[in-house]
Each structure stands twice: as C-alpha cells, then as structure tokens.
Amino acid sequence: MNETVLSRDPAVQPQSPKGAPLLGCRDLGVLRDGRWLIRGVDLDVRRGEIVSIVGPNGGGKTTLIKSLLGIMRPSAGQVTRAAGIRTGYVPQRLAVDRTMPLSVDRLMTLVRRASRAEIVAALAQTGSDHLVDRAVQELSGGEFQRVLIARALLNRPDVLVLDEPVQSVDFTGQVELYRLIASLRDRYDCGVLLVSHDLHVVMRETDRVLCLAGHVCCTGAPGDVSRSPEYTRLFGPTAAETLAIYQHAHDHAHGPAGEIVTGDAHNHFHHHGHED
Ligand SMILES: Nc1ncnc2c1ncn2[C@@H]1O[C@H](COP(=O)(O)OP(=O)(O)OP(=O)(O)O)[C@@H](O)[C@H]1O
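Residues numbered from 1 in each chain as written. Predicted model: local features only at pLDDT ≥ 70, side-chain atom pairs only at ≥ 80, totals over all residues. Heavy atoms only, no water.

### Let's talk about the overall build of the chain
Then comes step 1: The helix and strand inventory of the chain stands at eight helices and twelve strands.
Then comes step 2: Accessible surface, the chain as shown: approximately 12300 Å² in total, 50% of it carbon and sulfur. (Helix = DSSP H or I, 4+ residues; strand = E, 2+ residues; numbered from the N terminus. Areas by Shrake-Rupley, 256 points an atom, 1.4 Å probe, with all protein chains shown as cover.)

This is the structure:
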C-alpha cells in the first residue's frame, strides 16, 4: 500500500479542521416537469463524518447528491461548498457499458488522468490493487464497487460521495464495504456522503442519517435509532430484523411525490413523522 502517492500536499491545499462544513445545502429544491423532485432540503457534510441519505425509491436521493455536486441544477435554495474542496464521486450507474471490454486500469482513467503508480496506490486503498489488469466485466459486484471507490480516491477528495455503494453486493460484502468507507474516512479525514436504500447496514458506520422522501422526513444521529413499524413499512422487514431503526414518532404521511398528506395516512405511500 502506498500512502504517499495519494496523500495531500499541505503546501497545495491546507486542510480544514475536523468538523468544518465542507458540502451542504439550504432549502434546496429541484423542480422538473412541474414536479418538485426534492424540496426544502437542508444538509451539511462536515470533515470527518459520515452522513447517510436513506429513503424509498424515487425519494430524491440521487437528485440531492447530483445537485450538491453540480451535476443537476437546483431550482430553489443554495448549495454550500467550502472553498477549494475536492469531491470524489461514486455514481449509482456508470456511463460505460460493463459488457464492453475494458480493463480496470483504463476505467480508472476514463475521467481523469493518473499514472500507473497513482492507479495502483488508489486501488491498494480499497484492497483491490491486484485487480489492476483485470477486465471490468469479470469483476464481482463487490470488486467493482471497490474499484469505483478507488477511482474516486484519485481525486484526493475532501468529500467522498457514494450513490448506493453496496448495490450488487451480498450482506457480508456490504458490511465490509461500509467498514472500508469508514476506514477511508479515518485515513483521509474526509467527509463522506452516501446514499442507501435501507438503514440496516449503513447505520453501523454512519454518524448522521437523513431520511429523504421528496423532503427531509427526519435527520439525526444513529444513537437515536430504534424500531418502528412505520419504518418497517417504508424500508421492508429486513431493516427491522437486522437493526434498530431510526427513532421518530410518526405523525404524517407522504404522497407519491413526497408531499405531506394529512388525514388517513395509512392509505398513502408511507406514514411517519417527527419527534424533533
Ligand atoms: N432529470 C430529471 N427530470 C425529471 N425527473 C427526474 C429527473 N431525474 C430524476 N427524476 C425523477 O425524480 C424522482 C427522484 O429520483 P432519484 O433518482 O433522485 O430518486 P432516488 O431516491 O435516488 O431513487 P432510487 O432509490 O430508486 O435510486 C424520480 O421520480 C425520478 O424519476
């Protein structure tokens, strides 16, 4: 493992202290085709913390991170970004066709140039340097995700943004991947923003959770987590079986677009509320 190749050069960019806000938004909204995909979202990712965005399909998780990264244009509110920070992004989907012949080495440099030494060093950070000459289409789901994380590390990010990093990975692999992400946070003292469908594995390594269903349903520390039938309905029975679930009382419902619906909430998309 070569720490020096990827280490930050303080002469080039002084690092802000732990806890310093790096990336976030205020009252962020994205309107497309007359529909608010997300609305009124406040978020901060600070140096040294892992923030997880959870929520149902179509809840706007990808929309939020793409807006934070400048890939999608917000329609309301503000993105806040500390001066000079670098981001590393592990997208949910890659524009490259995984069935096309492509080596890991080449995949690593599709978006930004890097030397062979830098590529191998980045891969080593995710325990995948032995894969450098392999064909991408031969990789397992877990190996592929590790390579993508290594690729994001090439940018020496202050904030690592991962959109569903454990997709196509089995349960044990998911635990290992989240441990890896936590160890990268410790090693680089970066902030981490990650998206997940569910709560159960992500909770073990996360500092703060934001539940997004068009708007922020709730946000807080995983220490506040406990079981809740409403969350079981939202995230499925696995979440309830494997982990305490985010603590909040449930007092409203959301319609299909995430809007708050009052009245007979049980007939709606999901039903929950806030303690705070
Ligand atoms: N550019 C766009 N124009 C119009 N609608 C969009 C656009 N991008 C996303 N959407 C819609 O916005 C909603 C939120 O999508 P998004 O991908 O952000 O949700 P998500 O929470 O990441 O979902 P998933 O968990 O399925 O990945 C969806 O209904 C989607 O179809």
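Structure's up, so let's keep going.
### So, the site of the ligand
Then comes step 1: Lining the immediate surroundings of the ligand are 16 residues, of which Arg 35, Asn 57, Lys 61, Thr 63 and His 197 lie closest.
Then comes step 2: Thr 62 is positioned such that a nitrogen or oxygen atom in its side chain is 2.9 Å from an oxygen atom of the ligand.
Then comes step 3: Its free accessible area being 630 Å², the ligand has 65% of it covered by the protein chains.
Then comes step 4: Counting residues per element, the ones that place at least two in the shell around the ligand are strand E2 (35–46) and helix H2 (61–68).
Then comes step 5: A per-element tally of the shell around the ligand places H2 first, with three residues.
Then comes step 6: By residue class, the composition of the shell around the ligand is three nonpolar, eight polar and five charged. (Near = heavy atom within 4 Å. Polar contact = N/O pair within 3.5 Å; in protein donor to acceptor, adjacent residues only side chain to side chain. Nonpolar A, V, L, I, M, F, W, Y, C, P; charged D, E, K, R; others polar.)

### Details of the sheet that holds strand E1 (residues 21–32)
Then comes step 1: Strand order in this open sheet of three strands is E2-E1-E4, and the pairing throughout is antiparallel. Bordering the open sheet on either side are E2 and strand E4 (76–81), each of which pairs with just one other strand. This sheet shows a mean twist of 10° between the axes of neighbouring strands, independent of strand direction.
Then comes step 2: Against the sheet, H2 makes contact with E1, E2 and E4, and its axis sits at roughly 120° relative to E1, the strand it touches most. (Pairing = 2+ DSSP bridges. Axes fitted to C-alpha atoms, helices over the stretch in contact; angles between N-to-C directions. Contact = heavy atoms within 4.5 Å.)

### Concerning the confidence of the model for the chain
Then comes step 1: Confidence in the prediction of the chain, expressed as mean pLDDT, is 78, and 72% of residues score 70 or more.
Then comes step 2: Low pLDDT, under 50, characterises residues 1–12; the stretch is placed with 24 contacts to residues that sit more than four places away or in other chains.
Then comes step 3: Note on residues 243–251: pLDDT is under 50 here. Beyond four places in sequence and across chains, it has 51 contacts. (pLDDT = per-residue confidence, 0-100.)

### A few points about the packing of helix H5 (residues 141–153) against helix H6 (residues 171–188)
Then comes step 1: Their axes nearest at 11 Å, the elements H5 and H6 cross at an angle of 15°. Regarding the angle of H5 to H6, the classification is roughly parallel. Note on packing geometry: the crossing formed by H5 with H6 is right-handed. Residues Gln 145, Arg 146, Ile 149 and Leu 153 of H5 touch H6, and the partners they reach there are Glu 176, Leu 177, Leu 180, Ile 181, Leu 184 and Tyr 188.
Then comes step 2: Here the contact of H5 with H6 is built from residues that sort into seven nonpolar, one polar and two charged. (Parallel < 35°, antiparallel > 145°, perpendicular 65-115°, else oblique. Left-handed = near helix turned anticlockwise from the far one by under 90°.)

### Focus on the sheet that holds strand E7 (residues 191–195)
Then comes step 1: Spatially, six strands are ordered E5-E6-E7-E3-E8-E9 in an open sheet, and the strand pairing comes out mixed. Two strands close off the open sheet at either side, each with one partner strand: strand E5 (87–90) and strand E9 (215–220). In this sheet, neighbouring strand axes are inclined to one another by 15° on average, regardless of whether the strands run parallel or antiparallel.
Then comes step 2: Note: strand E3 (residues 50–54) against E7, four bridges, orientation parallel. Bridge pairing links Val 51 to Leu 193 in E7.
Then comes step 3: Across the sheet, H5 is in contact with E5 and strand E6 (159–163); its angle to E5 comes to roughly 160°.
Then comes step 4: The strands touched by H6 within the sheet are E3, E6 and E7, with E7 carrying the most contacts at an inclination of about 155°.

### Here we look at helix H4 (residues 116–125)
Then comes step 1: Among all positions in H4, only Ile 119, Ala 121, Ala 122, Leu 123, Ala 124 and Gln 125 are buried.
Then comes step 2: Looking one or two places after H4, you find Gly 127, whose phi comes out positive at around 65°. (Buried < 20%, exposed > 50% of the residue type's maximum accessible area, 1.4 Å probe, protein only.)

### Side note on the pattern of salt bridges
Side chains that differ in sign of charge can pair as their charged atoms come close.
Then comes step 1: For the structure on display, the rule yields eleven salt bridges.
Then comes step 2: Of the charged contacts, one joins Asp 186 and Arg 185 as a salt bridge, the two residues approaching to 2.7 Å between their closest N and O atoms.
Then comes step 3: Residue classification places Arg 185 among the buried positions, given a relative accessible area of 12%.
Then comes step 4: With its nearest N and O atoms 2.9 Å apart, the salt bridge here joins Arg 185 to Asp 207. Here Asp 207 lies in the loop between E7 and strand E8 (208–213) and Arg 185 lies in helix H6, a separation of 22 residues in the sequence.
Then comes step 5: Beyond isolated ion pairs, a larger network of salt bridges with shared partners links Arg 26, Asp 44 and Arg 46. (Salt bridge = Lys/Arg side-chain N within 4 Å of Asp/Glu carboxyl O.)

### Things to note about the side chain of Glu 164
Then comes step 1: Among the secondary structure elements, Glu 164 is positioned in the loop between E6 and H6.
Then comes step 2: Reaching out from Glu 164, the side chain makes a polar contact with the side chain of Gln 92 at a distance of 3.0 Å.

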